[in-house]
Amino acid sequence: MKIRVRIPFACWLSGFAQNRMDLSTAFVHGGLRVSLSFASLDPIEVPDREEKFLRLLTHQVVEIENASDERVVERLAAPENREELARTLVQITSRINLALRNIGIVTAVNEISFDATRIDSLLREWQTSIADGGEYALMFEPNALLEALLRRAPHETRDLFSVRDWEEIEEAIEENLEPKPEQEFLANAVEYLRLQNRRAALLESVVCLEIVLTQYLKAYLGLKKGFSSKRIDNLLSSNLHLSARVGLILELVLTPDEIKKLELDRVLKAISWRNEIVHKTGHLPKNLPDRDCDAAIYRVLELARFLARQRDVIRSGPELERLADAIADEMKVPPPLIQIGRGRRLVIRFDLSPESARPTKDELLKLTEFVSAKCKEYQDRIDPEKHLFLSFFQRNEVVAFVVEGQVVYTDEIVKLVVNKRENMQGQDRADPNIE
């Protein structure tokens with residue numbers, strides 16, 4: 001037996017390739033196997049966008065079935081257990097929504113509060129249906145008026161997330177990860193911006209930055225500079241205000257290129273506006289152009305995301321160094337450089353001896369297989385073909401990559417690109433309709 005719901009959901013999905021836009025995942029929740037997919041309209045192409053394909057997702061399609069011999073679905077499907085069914089579906093949907101909101105920044109969704117007075121209404125709105133060995137049958141008769149009221153036109157949603165974010169969203173759903181504090185504040189700030197509540201957006205964005213900056217500086221000073229906890233606490237005491245941390249400490253820590261790219265001057269302006277709101281006027285400066293306010297808020301959020309990424313890289317450093325040393329000791333190679341990517345991804349670079357001949361594919365494959373096994377020990381949910389990105393350098397030039405578990409020499413990739421271009425040019429010359 002299976003139970004399925006179709007939860008109204010309006011959000012745009014963007015991607016580089018049309019055939020990569022069918023998203024789905026599966027996970028276990030309280031004795032149930034849950035499958036998630038999305039109902040959608042056909043993709044459209046917008047040529048002037050970087051990710052030129054857009055697809056409007058219209059519903060979350062959630063299907064539950066038994067994950068073991070326990071007949072959980074049969075119990076939930078019984079009419080007398082509708083409250084338990086509704087409560088379970090709300091928990092599952094909240095789990096999905098948290099990941100979409102805090103990682104994909106889909107601000108129109110959030111955790112759902114269970115309302116015992118709306119059980120039948122909720123199950124009807126979500127088009128709850130049951131399949132017992134055959135096709136699905138609706139639990140309630142369809143209501144055309146209700147469906148029309150719940151349906152949202154494409155122009156009514158401004159939410160959009162990228163296919164590139166899906167892997168990290170999927171991992172958060174599968175592992176039921178709690179969002180990091182800065183993710184919640186960032187999503188809140190973006191939501192307020194879309195609602196044109198700039199005062200609230202500014203407050204949320206600066207709180208987001210404050211949390212991340214403190215965590216980043218503690219990681220940087222403790223793990224990179226070797227400061228004691230007491231020394232760090234003294235340095236980051238309440239006497240050192242946020243504007244001083246951004247304007248003084250970050251300028252000492254970041255590179256000139258990073259400072260220029262992150263536009264710290266705009267960030268400092270945003271912090272000063274926030275201080276005026278909190279300590280003086282209670283509102284944004286008069287005559288502040290909306291465009292300037294929005295730009296400053298986005299710079300604050302961009303800095304917060306940058307520092308969160310750097311914080312995670314620094315925190316993971318000691319454990320990844322031990323992993324690199326273990327690989328080097330066993331395989332008799334220089335320790336690779338290992339850095340975390342998004343989600344479970346690991347980016348691994350080997351610098352091979354410049355004096356030796358180019359290693360064979362068999363040698364590199366043996367090294368790759370050992371690295372994959374060690375990385376599985378480091379994190380058992382790593383899928384080597386999906387999450388490991390290996391490259392091999394020699395004399396400071398990349399000589400090979402590992403693509404989906406296969407070793408590919410760089411010159412092979414170059415030849416493929418050249419041949420493809422030559423073939424395309426040949427086809428153009430052979431086509432009499434091309435001038």
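Residues numbered from 1 in each chain as written. Predicted model: local features only at pLDDT ≥ 70, side-chain atom pairs only at ≥ 80, totals over all residues. Heavy atoms only, no water.

(A) Representation of the overall build of the chain in the model. Across its full length, the chain holds 15 helices and 13 strands. Taken over 435 residues, the chain has a buried fraction of 42%. A sequence separation of at least 24 residues applies to 68% of the contacts in the chain between residues at least 6 apart. Here the chain displays about 24,600 Å² of accessible surface, and carbon together with sulfur accounts for 48% of that area. In the chain, the 61 positive side-chain charges and the 71 negative ones have mean positions that sit 5 Å from each other. (Helix = DSSP H or I, 4+ residues; strand = E, 2+ residues; numbered from the N terminus. Buried < 20%, exposed > 50% of the residue type's maximum accessible area, 1.4 Å probe, protein only. Contact = heavy atoms within 4.5 Å. Areas by Shrake-Rupley, 256 points an atom, 1.4 Å probe, with all protein chains shown as cover. Lys, Arg positive; Asp, Glu negative; His and termini not counted. Charge placed at Lys NZ, Arg CZ, Asp CG, Glu CD.)

(B) Highlighting the pairing of strand β12 (residues 397-403). Taken together, the four bridges between strand β11 (residues 388-394) and β12 define a ladder with antiparallel strand orientation. Bridge pairing links F392 to A400 in β12. With antiparallel pairing between neighbouring strands as the criterion, β11 and β12 make up a hairpin whose turn holds two residues, including R395 at a positive phi of roughly 55°. Pairing geometry for β12 and strand β13 (residues 406-409), over four bridges, is antiparallel. For V403, the partnering residue across the bridge sits in β13 and is Q406. (Pairing = 2+ DSSP bridges.)

(C) Representation of the pattern of salt bridges. Applying the stated criterion to the full structure yields 34 salt bridges. One salt bridge connects E174 with R344, and the closest N-O pair in it is separated by 3.5 Å. Linking E174 in helix α5 (residues 163-175) with R344 in the loop between β9 (337-340) and β10 (346-352), this pair joins segments that are 170 residues apart in sequence. Note on R344: relative accessible area 7%, which makes it buried. Here K374 and E377 are joined by a salt bridge, their closest N and O atoms 3.3 Å apart. Highlighted residues: K374 and E377, both in helix α13 (residues 361-378), separated by three residues, approximately one helical turn. What makes E377 exposed here is its relative accessible area of 60%. Salt bridges here are not isolated pairs; linked through shared partners, they connect E171, E174, E175, R344 and R381. (Salt bridge = Lys/Arg side-chain N within 4 Å of Asp/Glu carboxyl O.)

(D) Main features of unusual backbone geometry. Positive phi values are uncommon outside glycine, yet Q127 reaches one of about 50°. Here Q127 lies in the loop between α3 (119-125) and β6 (129-131). Even without glycine at this site, K332 takes up a positive phi of about 55°. On the basis of relative accessible area, K332 is assigned to the exposed category, the value being 71%.

(E) Highlighting the sheet that holds β12. Sheet architecture is open: five strands sit in the order β9-β10-β11-β12-β13, paired in mixed fashion. Pairing within the sheet leaves two strands with one partner each, and these edge strands are β9 and β13. In this sheet, adjacent strand axes meet at a mean angle of 20° when their direction is disregarded. Where β9 lies against β10, four bridges are found, and the strand directions are antiparallel. Along β10, the bridge assignment pairs I338 with I348. Where helix α12 (residues 290-331) meets the sheet, it contacts β9 and β10, and its direction lies at approximately 145° from that of β9. (Axes fitted to C-alpha atoms, helices over the stretch in contact; angles between N-to-C directions.)

Function cannot be read off these values alone, since they describe shape.
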